[in-house]
Amino acid sequence: MHPALLTLIALFALLGHGYFWIALVNRLHAWAGPHRLIDFLTWAGFTTFATLPLVVAWQWWRDGDYFFNSQNTGPLASFAVTYCLGCAVFGMGKLLARFIRGFQDDDPHTVRSKERTFLKPDQPLPKDTLRGLYSQMVGLVPGNEVFKLALDTKRLLIPRLPEKLVGLRIAHISDLHVTGRIGPEWYLNVANEVKRLQADVIVITGDLVEIEAYRDWLYDSLALLRAKYGVYFILGNHDFYIDTRRTVDDLTARGLIYVGGKSLTAQWNDCPVLIAGNEAPWGPRLPELPARSNSTETPFRLLLTHTPDQFDWACARDGDLVVAGHAHGGQVCFPILGAVAAPSLYGTRFAAGTFRRGNTVMHVTRGIAGETPLRLLCPPEIALLELASAK
């Protein structure tokens, strides 16, 4: 076989191998199982991910030109050939699908305009903002954007938006992941930037704090947030590692409004609004919402969910705008390939961006942080969503 063709097969096989095992881990992390078991299976997956190419490479090196020979009947050789070719086909298919689907993160029919601004803190962050040897080593990775905070301003067309809510501005943040690996200065900086926007509404879609010792870091920052029509929040899967009741009580005592597993109604600019939160599959059962009537007084529906996997739930409940996080935009993205890792049943389809199905629009933010302080071509995000009408 020609060396150029062999090289091409090898490259596509490596690509498909990566896509396959990362896809398994993506879906594993969408599961609501015990997090220690999930962590164990994740490490097992990464071990297999690292080992299999060595097995195939060794077999290929040993057999040389006979690697793809149909008479090579040894069980290990047969497995190596089958796996290599299967991964090559899978890798080619995924890359082709990426080109067909396009490279836009936002539905062009929904996002009428968008602008990205990088925000610099009023005071430089201390050198020890990354805490611990692991975080500091990760911080040395070239191109790491862990502190390159982006303000993404988007004007969203909402199909059934009431006239009174045209121009409403919603600030959306998620996935603070207060673990102690990033110091409190970062979270104070984020809170101050959100406060500076003077948005009408602030929504926070989970994964706030997961280590008891660092609760005050979260409270000291989120307590700064105020908005004309309220600051609403839900919890994410990592919040359930510790006492969620205490987290909710402490944040509500600081003026935030908890909507996890329930709904409430409000008046924004003399317009009825229904706000509901969904923490499934880790938290409270999904709230059942009243059927939408044909009345002009039908409330605008703002739905908060931690994972974008609940898009079907939001559509079934006739939501107008859904906000989600959890996927972190992939955290590590590549040119052309985009995000390759996202903890979702849909893989990277909803890693970040704006999506629409029927009359329901969903915005997925890249989030503020993560368990690992590494971001490549995927800066942390404060989203400012301005609502616009199709009329």
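Located above this text is the structure these notes cover.
Everything numeric in this text was worked out from a predicted model, so none of it was measured.

Participant: Would you explain the overall build of the protein chain in this entry?
Facilitator: A count of helical and extended segments in the protein chain gives eight helices and 15 strands. The C-alpha extent of the protein chain, read off along each of the three principal axes, is 75 × 50 × 35 Å. Residue burial in the protein chain is summarised as follows: out of 391 residues, 52% are buried. In the protein chain, 76% of the contacts between residues at least 6 apart in sequence involve partners at least 24 apart. When the accessible surface of the protein chain is summed, it comes to about 18400 Å², and 59% of that surface belongs to carbon and sulfur atoms.

Participant: Teacher, can you tell me more about the state of the cysteines here?
Facilitator: Here is the idea: a disulfide is a covalent bond, and it sits between the sulfur atoms of two cysteines. Applying the stated rule across the entire model yields zero disulfides. With no disulfide of its own, Cys 87 lies closest to Cys 84 among cysteine sulfurs, the gap being 7.3 Å. With a relative accessible area of 6%, Cys 87 lands in the buried category.

Participant: I would appreciate a short explanation of the packing of helix H1 (residues 3-28) against helix H2 (residues 35-63) in the present structure.
Facilitator: Between two packed helices, what matters for the description is the angle formed by their axes and the separation of those axes. Contact geometry of H1 with H2 gives a least axis separation of 10 Å together with a crossing angle of 165°. Between H1 and H2, the angle falls in the class roughly antiparallel. The chirality of how H1 crosses H2 is right-handed. Taking contact as the criterion, the partners of Leu 6, Ala 10, His 17, Gly 18, Trp 21, Val 25 and Leu 28 in H1 are, on H2, Ile 38, Leu 41, Thr 42, Gly 45, Thr 48, Phe 49, Leu 52, Pro 53 and Trp 60. Per-class residue counts for the contact of H1 with H2 are 11 nonpolar, five polar and no charged.

Participant: In this structure, what is going on with the sheet that holds strand S7 (residues 263-268)? I would like to understand it.
Facilitator: The strands making up a sheet associate through hydrogen bonds between their backbones, and the pairing can be parallel or antiparallel. Spatially, the six strands line up as an open sheet ordered S7-S8-S9-S10-S14-S13, and their pairing is mixed. In the strand order of this sheet, the two ends are held by S7 and strand S13 (353-357), each with one partner. Here the strands of the sheet are splayed against their neighbours by 20° on average, with no regard to which way each runs. Pairing of strand S8 (residues 271-278) with strand S9 (residues 300-305) involves six bridges; the strand directions are parallel.

Participant: It is not clear to me how the packing of aromatic side chains should be interpreted in this structure. Could you clarify?
Facilitator: The way to describe two aromatic rings as a pair is by their centre distance and the angle between their planes. For the structure shown, the criterion picks out 11 aromatic pairs. The interplanar angle of 85° and the centroid separation of 5.4 Å between the aromatic rings of Phe 20 and Trp 21 together place this pair among those described as edge-to-face. The partly exposed category is assigned to Phe 20, whose relative accessible area is 34%. For the pair Tyr 214 and Trp 217, a centre-to-centre distance of 4.6 Å together with 50° between the ring planes defines the contact as tilted. Residue Tyr 214 is classed as partly exposed on the basis of its relative accessible area, which comes to 25%. Here Trp 217 falls in the buried class, since its relative accessible area comes to 15%. In textbook terms, an aromatic cluster arises when at least three aromatic residues are bridged by ring pairs, as seen for Phe 311, Tyr 346, Phe 350 and Phe 355.

Participant: Any chance you could explain the nonpolar core here in plain terms?
Facilitator: Nonpolar side chains tend to gather and get buried jointly when the protein is soluble and globular. One finds Leu 176, Ile 204, Leu 218, Leu 225, Phe 233, Ile 368 and Ile 382 to be the most contacted residues of the largest nonpolar core, which totals 38 residues. Mapped onto this core, the elements with two or more residues apiece are strand S3 (169-173), helix H5 (184-197), strand S4 (201-205), helix H6 (215-222), strand S5 (231-234), helix H7 (244-253) and strand S15 (381-389). Here Leu 218 is in contact with Leu 176, Val 178, Leu 208, Val 209 and Leu 251, once residues within four sequence places are set aside. In this structure, Tyr 232, Ala 266, Ile 275 and Leu 385 belong to the second largest nonpolar core, which totals 27 residues.

Participant: I keep staring at the pattern of salt bridges and nothing clicks. Help me out?
Facilitator: Close approach of charged atoms allows side chains of opposite charge to pair. Under the definition given, this model contains 17 salt bridges. Ionic pairing is found between Glu 145 and Lys 148, a salt bridge with its closest N-O pair at 4.0 Å. Classification of Glu 145 by relative accessible area gives buried; the value is 13%. When salt bridges with common partners are traced through the structure, they connect Arg 116, Asp 152, Arg 366 and Glu 381 into a single cluster.

Participant: Is there a simple way to think about the pairing of strand S10 (residues 321-324) in this case?
Facilitator: Looking down a regular strand, the side chains alternate between one sheet face and the other. Here S10 shows a buried face lined by Leu 321 and Val 323 and a second buried face lined by Val 322 and Ala 324. The handedness of the S9 to S10 crossover, carried by helix H8 (residues 311-316), is right-handed. Sheet topology note: the S10/strand S14 (residues 360-364) ladder contains four bridges and is parallel. Within the sheet, the bridge partner assigned to Val 323 lies in S14 and is His 363.

Rules used throughout
Residues numbered from 1 in each chain as written. Predicted model: local features only at pLDDT ≥ 70, side-chain atom pairs only at ≥ 80, totals over all residues. Heavy atoms only, no water. Helix = DSSP H or I, 4+ residues; strand = E, 2+ residues; numbered from the N terminus. Buried < 20%, exposed > 50% of the residue type's maximum accessible area, 1.4 Å probe, protein only. Contact = heavy atoms within 4.5 Å. Areas by Shrake-Rupley, 256 points an atom, 1.4 Å probe, with all protein chains shown as cover. Disulfide = S-S within 2.5 Å. Axes fitted to C-alpha atoms, helices over the stretch in contact; angles between N-to-C directions. Parallel < 35°, antiparallel > 145°, perpendicular 65-115°, else oblique. Left-handed = near helix turned anticlockwise from the far one by under 90°. Nonpolar A, V, L, I, M, F, W, Y, C, P; charged D, E, K, R; others polar. Pairing = 2+ DSSP bridges. Phe/Tyr/Trp six-rings, centres within 6.5 Å; stacked < 30°, edge-to-face > 60°. Core = buried A, V, L, I, M, F, W, Y, C linked by side-chain atoms within 4.5 Å. Salt bridge = Lys/Arg side-chain N within 4 Å of Asp/Glu carboxyl O. Right-handed = clockwise from strand over helix to strand, strands pointing away.

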